[in-house]
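Structure at a glance
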Amino acid sequence: MSENNLPPVEYIPNFLETTLADKLYKHCQQLAWEQNNIRLMGKTIPVPRLECMYGDEGCNYVYSKSVLLEPLRWTSPLSEVRSRIESQTGYQFNIVLCNRYRTGLDSVGWHNDNEPSMGETPAIAEISLGQERKFQMRPHSGESITDFWLEHGSLLLMKPGCQENWVHQLPKTSRALKERINLTFRPHINGTSS
Ligand SMILES: O=C(O)CCC(=O)C(=O)O
Ligand SMILES: [Fe+2]
């Protein structure tokens, strides 16, 4: 794959109208946020953000081989936004992994989302709420970085092929930033398509 290729994503600013995005943001601030830890070389390291997961029953999710997330039951607002994303993108999602970046120092490092529980070549859809943040993508074996600025109410759709060939991150910044909440809708092989 050429390094000059652009990542297979679709970015839709204002996917949610501002009043709906504001309402959803307020709702998401009340979700069951947790501080998780990963185990790395015998050490326990707190992940630099808060997390929680909602979804269909039985759709457990494991990442970094050490964090097990069990889905809480869909709330109505999360379920409504899932339906809206499904009907506009044509992809199906069984879980939503939610991230809360409290300040610019909260982040997620370079990675791809390739957990086997998502099945082969998954599409992942991300809704951003609150503080706009820089999100970066680069080819797995390449240096050229594409920056996206993810705005309040936007949708970033990572299409099939993205997780296989690209990595992404939300870098830390020392700028004084407010909080951002991100909702990542994912498929799950144990999910029932409805
Ligand atoms: O917050 C973001 O935009 C990225 C989150 C992410 O990459 C993930 O949850 O796997
Ligand atoms: Fe990710």
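Structural data are supplied above this passage.
Residue numbers here run from 1 along each chain, matching the order of that chain's written sequence. Ligands are numbered from 1 and chains lettered from A, in the order in which they are written. Since the coordinates come from a predicted model, pLDDT governs what is reported: local features require at least 70, and pairs of side-chain atoms require 80 or more to be given and counted, while whole-chain, interface and lining totals use all residues. To obtain the side-chain values, all non-hydrogen atoms of the structure were included, while hydrogens and water were left out.

Things to note about the overall build of the protein
The following threshold applies: Helix and strand labels come from DSSP, where a helix needs a run of H or I of at least four residues and a strand needs a run of E of at least two; each type is numbered from the N terminus. Each radius of gyration reported is based on C-alpha atoms, and the globular scaling rule is 2.2 Å times the count of residues to the power 0.38. Exposure is judged per residue with a 1.4 Å probe applied to protein chains only, and the accessible area is read against the type maximum: over 50% gives exposed, under 20% gives buried, and values in between give partly exposed. By definition in these notes, contact holds between two residues if any of their heavy atoms fall within 4.5 Å. In these tables, accessible area is a Shrake-Rupley quantity obtained with a 1.4 Å probe, and a residue counts as shielded only by the protein chains included in the view.
In terms of helices and strands, the protein carries three helices and 14 strands. For the protein, whose C-alpha radius of gyration is 16 Å, the value lies close to the compact-globule estimate of 16 Å for 194 residues. Sorting the 194 residues of the protein into buried and exposed places 48% on the buried side. Once local pairs closer than 6 in sequence are excluded, the contacts in the protein between residues at least 24 apart make up 76%. For the protein, the accessible surface area stands at approximately 9,900 Å², while carbon and sulfur atoms represent 50% of it.

Let's talk about the sheet that holds strand β11 (residues 146–150)
What counts, and what does not: Whether two strands pair depends on DSSP finding at least two bridges between them. Only the contacting stretch of a helix is used when fitting its axis, a line to C-alpha atoms as for every element, and angles between N-to-C directions run 0 to 180 degrees.
Strand order in the open sheet made by the four strands is β8-β13-β10-β11, with antiparallel pairing throughout. Strand pairing shows two members of the sheet lacking a second neighbour, β8 (108–111) and β11, which therefore form its edges. Looking at each pair of strands side by side, their axes are set apart by 20 degrees on average, direction ignored. As defined by bridge partners, β8 adjoins strand β13 (residues 166–170) across two bridges and the pair is classed as antiparallel. Residue pairing for β13: histidine 111 is matched across the bridge by histidine 168.

What about the site of ligand 1?
Our working definition: Note on definitions. A residue lies near a molecule or strand when any single heavy atom of the residue is within 4 Å of it. Two N or O atoms count as a polar contact when they lie within 3.5 Å, although within protein this holds only if one can serve as hydrogen donor and the other as acceptor, and sequence-adjacent residues are included solely when both atoms are side-chain atoms. Each residue receives one of three labels: charged for Asp, Glu, Lys and Arg, nonpolar for Ala, Val, Leu, Ile, Met, Phe, Trp, Tyr, Cys and Pro, and polar for the others, Gly being one of them.
Asn99, Tyr101, His111, Asp113, Glu126, Phe135, Leu150, His168, Arg180, Asn182, Thr184 and Arg186 make up every residue found near ligand 1. At a separation of 3.0 Å, an oxygen atom of ligand 1 approaches a polar side-chain atom of histidine 168. For ligand 1, whose free accessible area comes to 300 Å², the fraction covered by protein is 96%. Only β7 (95–101) and β14 (180–186) provide two or more residues apiece to the shell around ligand 1. Looking at the shell around ligand 1, the element that brings in the most residues is β14, giving four residues. The class makeup of the residues in the shell around ligand 1 is three nonpolar, five polar and four charged.

Here's the deal with the coordination of the iron ion (ligand 2)
Our working rule: Water is not among the atoms examined, so metal sites may look incomplete; donors are the N, O and S atoms within 2.8 Å of the metal, or within 3.2 Å for Na, K and Ca.
In this structure, His111 (NE2), Asp113 (OD) and His168 (NE2) serve as the protein donors to the iron ion (ligand 2), at separations of 2.1 to 2.2 Å. Expressed as a motif, the donor residue spacing for the iron ion (ligand 2) is H-x1-D-x54-H. Placement of aspartate 113 in the loop between β8 and β9 (124–130) and of histidine 168 in strand β13 is noted, with a sequence separation of 55 residues between them. Accessibility classification places aspartate 113 together with histidine 168 in one group, the buried group.

Details of the pattern of salt bridges
What counts is decided by this rule: Whenever a carboxyl oxygen of Asp or Glu lies within 4 Å of a side-chain nitrogen of Lys or Arg, that contact is scored as a salt bridge.
In this structure the tally under the stated criterion is seven salt bridges. Linking glutamate 179 and arginine 100 is a salt bridge whose minimum nitrogen-to-oxygen distance equals 2.7 Å. One end of the pair, glutamate 179, is in the loop between β13 and β14; the other, arginine 100, is in strand β7, with 79 residues separating them in the sequence. Of the residues examined, glutamate 179 reaches a relative accessible area of 16% and is grouped as buried. Across the pair aspartate 106 and arginine 102 runs a salt bridge, and its minimum N-O distance is 2.7 Å.

Re the sheet that holds β9
The six strands lie next to each other as β1-β12-β9-β14-β7-β4, forming an open sheet whose pairing is antiparallel. Single-partner strands in this sheet number two, and they are β1 (9–12) and β4 (50–55). Averaged over all pairs of adjacent strands, the angle between their axes in this sheet comes to 15 degrees, without regard to strand direction. Two strands pair when backbone bridges link them, and β7 and β14 are joined in this way by seven bridges, in the antiparallel orientation. Paired with arginine 100 across the two strands is isoleucine 181, which belongs to β14. Of the strands in this sheet, β4, β7, β9, β12 (155–158) and β14 touch helix α2 (residues 76–89), which is tilted by about 60 degrees from β14.

Topic: the packing of helix α1 (residues 18–29) against α2
How two helices pack is summed up by the angle between their axes together with the distance between the axes. The line we're drawing: Every angle not falling under 35 degrees, over 145, or within 65 to 115 is termed oblique; those three ranges are roughly parallel, roughly antiparallel and roughly perpendicular. Take the far helix as the reference: if the near one is turned anticlockwise from it by less than a right angle, the crossing is left-handed, and if turned clockwise, right-handed.
Interhelical geometry of α1 versus α2 gives an angle of 135 degrees and a closest axis separation of 10 Å. As the angle between them shows, α1 and α2 are arranged oblique. Note that α1 runs across α2; the crossing there is left-handed. On α2, the residues that touch Leu20, Leu24, His27 and Cys28 of α1 are Pro77, Leu78, Val81 and Arg84. Among the residues forming the contact of α1 with α2, the class breakdown is six nonpolar, one polar and one charged.

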